[in-house]
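What follows is each chain in one-letter form.
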Amino acid sequence: MATIEECRAALEKLSDNMRSAEGDVATAASMDRSVSCRITDLDVTFVGRMTGGRIVVRDTVQGPPKEKAQIRLTMAGDDLVALVNGELNFAKAWGSGRVKLEAGLRDLLQLRKLL
C-alpha cells in the first residue's frame, strides 16, 4: 500500500509532467480549478488547485474534503502511483471503477486531453 508521502510525490510528479506538456495537453493543463484527490485506502484527501499548468496541493485532510472541488479524483494510493508512473492506463482504470473522476461537463472534455 502506498504511503501518504508516496502519493504526495506522485501528485508532484503529475504536476511536473503537466508543466512540461505541449499543445492540447498544455491547454487542458492550464485550467484554473479547485482539485481534490481522495485516497480511499489511506482515508485522506489532497486538496489544492490546478493553476498555471500545475497542481498545487495546499492541504491534506483526513476523510473526505469539507468542500466539493471542481475536479475530484478518487482512487487507492497504489493506483495513483501506478497511473503517474505509466503502469496503469487511466481509461481502463476509470472504466473498471478503480479510478473515479468527477467534474463539470466542460472540464471533463478538457481533462480527456490530459488523461
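Rules behind the numbers
- All residue numbers refer to positions counted from 1 along the written sequence of the respective chain.
- Local features in a predicted model are, by the rule used here, given only for residues with pLDDT of at least 70; side-chain atom pairs are given and counted only at 80 or more, and totals for whole chains, interfaces and linings are based on all residues.
- Neither water nor hydrogens contribute to the side-chain values; these are computed over all heavy atoms in the structure.
- Where helices and strands are cited, they refer to DSSP runs of H or I of at least four residues and of E of at least two residues respectively, numbered from the N terminus.
- We take the radius of gyration over the C-alpha atoms and set the globule estimate at 2.2 Å times the residue count to the 0.38 power.
- Only protein chains enter the accessibility calculation, which uses a 1.4 Å probe; a residue is then buried when its area is under 20% of its type maximum, exposed when over 50%, and partly exposed in between.
- Between any two strands, pairing holds if DSSP finds at least two bridges.
- To obtain an axis, a line is fitted to C-alpha atoms, over the contacting stretch when the element is a helix, and the angle between two such axes runs from 0 to 180 degrees between their N-to-C directions.

In the annotation of an unreviewed UniProt entry, the entry for the protein reads SCP2 sterol-binding domain-containing protein, and the organism field reads Streptomyces pseudovenezuelae.

Peer 1: Quick question: what am I supposed to make of the overall build of the protein here?
Peer 2: Counting secondary structure elements, the protein contains 5 helices and 5 strands. What you see in the protein, going N to C, is helices and strands ordered as α-α-β-β-β-β-α-α-β-α. For 115 residues, the compact-globule estimate of 2.2 N^0.38 gives 13 Å, and the C-alpha radius of gyration of the protein, at 13 Å, lies within 12% of that figure. If one aligns the C-alpha atoms of the protein with their principal axes, the spans along those axes are about 35 × 30 × 25 Å. A total of 115 residues make up the protein; the buried ones form 39% of that total.

Peer 1: Help me out: how do you make sense of the sheet that holds strand 4 (residues 71-75) in this one?
Peer 2: Paired through backbone hydrogen bonds, the strands of a sheet run either parallel or antiparallel to each other. If you walk across this open sheet you meet the 5 strands as 3-2-1-4-5, and the pairing is mixed. Each of the sheet's edge strands pairs with one partner strand only, and the pair in question is strand 3 (54-62) and strand 5 (100-103). Neighbour to neighbour, the strand axes of the sheet diverge by 20° on average, direction disregarded. In the sheet, strand 2 (residues 44-51) pairs with strand 3 via 8 bridges, with the strands oriented antiparallel. Its bridge partner lying in strand 3, methionine 50 is registered against isoleucine 55.

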